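Observations on chain architecture
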Amino acid sequence: MRVRVLYFGVLRERLGGSQEWVGLVEGATVAEVLNVYRERLVDFPWDSIAVAVNQEYAKADVVLEEGDELALLPPVSGGLERYAG
Amino acid sequence: MRVEITDGVIPSGEIVAGMKAGPDGAVCVFDGIVRDNSRGRKTLYLDYEAYREMALEQMRELAAEAVTKFGVRDVALVHRLGRLMVGETSVLVVVSSAHRGAAFEACRWLIDTLKKTVPIWKKEQFVDGAVWADGEPFPDEIIAASPETRG
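Residues numbered from 1 in each chain as written. Chains lettered and ligands numbered in written order. Predicted model: local features only at pLDDT ≥ 70, side-chain atom pairs only at ≥ 80, totals over all residues. Heavy atoms only, no water.

**A few points about the overall build of chain A**
The number of helices and strands found in chain A is two helices and five strands. The secondary structure elements of chain A, listed N-terminal to C-terminal, are β-α-β-α-β-β-β. In chain A, buried positions account for 51% of the 85 residues. Put simply, chain A shows about 3,800 Å² of open surface, and 48% of that area lies on carbon and sulfur atoms. (Helix = DSSP H or I, 4+ residues; strand = E, 2+ residues; numbered from the N terminus. Buried < 20%, exposed > 50% of the residue type's maximum accessible area, 1.4 Å probe, protein only. Areas by Shrake-Rupley, 256 points an atom, 1.4 Å probe, with all protein chains shown as cover.)

**Things to note about the pairing of strand β4 (residues 41-50) of chain B**
Residue and element names in this part refer to chain B. Summarising burial for β4: seven of the 10 residues are buried, a large majority. Examined bridge by bridge, strand β3 (residues 37-38) and β4 share two bridges and lie antiparallel to one another. Note that in β4 the partner of Ser 38 across the bridge is Arg 41. Here β3 folds back onto β4, and the loop between the two strands holds two residues, one of which, Arg 39, carries a positive phi near 45°. Relative to strand β8 (residues 120-126), β4 is paired through seven bridges, and the arrangement is antiparallel. From the neighbouring strand, Ala 50 faces β8, where its bridge partner is Ile 120. Sheet topology places β4 next to strand β6 (residues 82-85); four bridges connect them, and they run antiparallel. Counted as the bridge partner of Asp 47 is Arg 83 from β6. (Pairing = 2+ DSSP bridges.)

Spelled out as C-alpha cells, the structure:
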C-alpha cells in the first residue's frame, strides 16, 4: 500500500521537497514510516517530532491505511540551530 | 468566532472593533509582532509556513475550547503566513468577555497553546544566516515516538 507523506519547515529543506508517496507493507504503522526517514536523515531529532495522520496528531503505534496522508511535523523549539538550512 | 490563516496583512484594528458587543465589559488583545532581534542577532525578516488545513482546524478547536473553558463570549484567532518584516503582526488573539479576568486568562491560554500545538513554523532570517527556531517544543502527549521506541 502507499501513503502520502508531507513534511514541513526544516524537514522540507533537509529532505528536499514537500511531499512524496511511500510504499509500505499492509498493516504498517507510523513507527515504520519514521524508520524510513530515520535512515535517510540519521542526525535529525526524530524522537521530538509530531506526526499527523489525516490531519490528526498520531502516535507511533497508529496503523496506516492505503492513501492516508501522513505529515512529519518538526519541533519548532529554539534548540535546532544546528539543523538550519 | 473569527478564525483565519491569511497571506496578507492582518487588519488588527478592524478585527478588534468588530469583536465588541453590548454584553462585553472587556476585550483583551494579544498582538504578536516580529521583533528586530533574536538571541543577539539582528533579524531581517521571518518566513512563516504551516500545515495549513490542519493548523486552521486546530485553531478552530482552540477558539471553541477557550469559549467553553473560560466562559468568554467570543474569540478571534488570526495567523499570517509568508514573509513578515519587523513590526508586522504575525498572530492576533482577541477575546471578548463580560469581565476582564476571563478575557485575560483566555487570551493567555490561546496564544500559549497555539504556540505549542498548532503546526506553524517560522524561519528567522538574519544578516548572517537563517534558522528554524524560537518556538515551543511539542508537549509529550503529541510527540509521535513513545519512550520505549525512541532510538
